[in-house]
Amino acid sequence: MVLGTYKQVVTARSTDKQIQKIAQDGGIASALLCFALDEKIIDGAVVAGPSEVMWKPEPTVALTSDEILAAAGTKYTFSPNVWMLKQAVRQYGLEKVGTVAIPCQTMGIRKMQSYPFGVRFLADKIALLVGIFCMENFPYESLRTFISEKAGVDFDLVEKMDIGKGKFWIHTQDQVLTIPLKETHGYEQNGCKVCLDYVSELSDIATGSVGSPDGWSSVFVRTDGGDTIFKQALEAGAIEAKAINEGKFGLEMLTKLSTQKKEKAMKVIDERKAMGLPVPFKASSEKEGDPLANV
Ligand SMILES: Cc1cc2nc3c(=O)[nH]c(=O)nc-3n(C[C@H](O)[C@H](O)[C@H](O)COP(=O)(O)OP(=O)(O)OC[C@H]3O[C@@H](n4cnc5c(N)ncnc54)[C@H](O)[C@@H]3O)c2cc1C
Ligand code: SF4
């Protein structure tokens, strides 16, 4: 179960040419939120919108498709979207909220729904949780530093960033630069070292680039609600899907990366436990003999 539970897994993309152009991968996150908004399945969405500071996302309540699309593309630093959910309901009066969340945020939202201390009014208003895959994340200053120092490029000229094939890719208007991922180690957020979820296992629909060709996304349809929305979006022609590659770059690669992430994090968790430090999960490889037994 290293990829969580799911009803189906496919390779998919938005059919909208504008979304294809601005999206990080297949534009599944933007396409599903826009579709859900058009169909009134949600009445707004919390997304990682732009801010005045280059590449520093700001959690934003998007009430229109244009506002959803303004948030397209991956920003490799924190966007505390969960914090904005309360305001989406309290200040914006939303009854059916959509959101995009990396795995730790997905866990936070599900925990909040299961133990709604102080947020009971919010728990049943999450209508669509699109999870995105995440191997690691960077504090803003870390990101800025390693991009300008290791790639020797002016951070303000960066137009797109991506992680893939063992490298951190940086696109400017006229060049594409890469930094080997082993050189970005040390710059990541400390908390990511104990993170056991790669593919947003608790989301309604999870999506990411690994496992699919460029311009397409790998998609896990997980919950009944997610399944209904995904099918409706397919039928309406908002998205298109095909079988995921079963070979080296399909599920096999996702399984490998997810297993590696869990095993590495479990080691750190056990080390921290041995030192008497608090850890975020009860799971222990010592007890079970199997590092993934409780994951
Ligand atoms: C920190 C980070 C690490 C990632 N690591 C991997 C990985 O290892 N493997 C992999 O396959 N995919 C990874 N992804 C996911 C991938 O980069 C794309 O976000 C995903 O495939 C969705 O692409 P899309 O074309 O469907 O989304 P788009 O249609 O381009 O929309 C992107 C959506 O993501 C949201 N978003 C952007 N940045 C953030 C952020 N920092 N926090 C929360 N939400 C955000 C925006 O609100 C937007 O709605 C990572 C994403 C992040 C943010
Ligand atoms: S690795 Fe885990 S803790 Fe770090 S940002 Fe990604 S989901 Fe969150």
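Look up a bit, the structure's there.
Residues numbered from 1 in each chain as written. Chains lettered and ligands numbered in written order. Predicted model: local features only at pLDDT ≥ 70, side-chain atom pairs only at ≥ 80, totals over all residues. Heavy atoms only, no water.

Sheet strands pair by backbone hydrogen bonding; their relative direction is either parallel or antiparallel. With mixed pairing, eight strands are arranged side by side in an open sheet as β3-β2-β4-β5-β9-β10-β1-β11. Looking at the sheet topology across the chains shown, the edges are occupied by β3 (58–62) and β11 (239–243). Sheet twist, expressed as the average angle between the axes of neighbouring strands with direction ignored, equals 30 degrees. Where strand β5 (residues 126–132) lies against strand β9 (residues 205–208), three bridges are found, and the strand directions are parallel. Note that in β9 the partner of Gly131 across the bridge is Ala206. On top of the sheet, helix α2 (residues 28–38) reaches β1 (8–14), β2 (44–49), β4 (97–101), β5, β9, β10 (217–221) and β11; it is set at about 170 degrees to β5, its chief contact. (Pairing = 2+ DSSP bridges. Helix = DSSP H or I, 4+ residues; strand = E, 2+ residues; numbered from the N terminus. Axes fitted to C-alpha atoms, helices over the stretch in contact; angles between N-to-C directions. Contact = heavy atoms within 4.5 Å.)

In this section: helix α7 (residues 140–150). Those residues of α7 not exposed but buried are Tyr140, Ser142, Leu143, Phe146 and Ile147. Each buried residue of α7 lies within a common arc of 165 degrees when the element is viewed along its axis, so the set occupies one face. The exposed set on the far side of α7, more than 90 degrees from its buried face, consists of Glu141 and Glu149. Buried positions along α7 lie against β6 (160–164), β7 (167–171) and β8 (176–180). Looking at the residues trailing α7, positive phi occurs at Gly152, about 60 degrees. (Buried < 20%, exposed > 50% of the residue type's maximum accessible area, 1.4 Å probe, protein only. Arc of directions from axis to C-beta.)

Attention now goes to the pairing of β1. Summarising burial for β1: five of the seven residues are buried, a large majority. Note that β1 and β10 share five bridges and pair antiparallel. Counted as the bridge partner of Gln8 is Val221 from β10. Where β1 lies against β11, five bridges are found, and the strand directions are antiparallel. Bridged to Ala12 within β11 is Ala241.

Close to ligand 1 lie 32 residues; Asp25, Ser30, Ala48, Thr74 and Thr77 are nearest. Within the side chain of Thr74, an N or O atom sits 2.7 Å from an oxygen atom of ligand 1. About the coverage of ligand 1: the protein hides 98% of its 910 Å² of free accessible area. Breaking the shell around ligand 1 down by element, the ones donating at least two residues are α2 and β2. Sorting elements by how many residues they give to the shell around ligand 1 places α2 first, with three residues. Tallied by class, residues from the shell around ligand 1 come to 16 nonpolar, 13 polar and three charged. (Near = heavy atom within 4 Å. Polar contact = N/O pair within 3.5 Å; in protein donor to acceptor, adjacent residues only side chain to side chain. Areas by Shrake-Rupley, 256 points an atom, 1.4 Å probe, with all protein chains shown as cover. Nonpolar A, V, L, I, M, F, W, Y, C, P; charged D, E, K, R; others polar.)

Close to ligand 2 lie Ile102, Pro103, Cys104, Cys134, Met135, Glu136, Asn137, Gln189, Cys192, Cys195 and Lys261, which account for all nearby residues. Across the shell around ligand 2, the residue classes break down as seven nonpolar, two polar and two charged.

What follows deals with unusual backbone geometry. The phi dihedral of Lys40 falls on the positive side, at around 60 degrees, and the residue is not glycine. Within the secondary structure layout, Lys40 lies in the loop between α2 and β2. The phi dihedral of Trp55 falls on the positive side, at around 65 degrees, and the residue is not glycine. Along the polypeptide, Trp55 turns up in the loop between β2 and β3.

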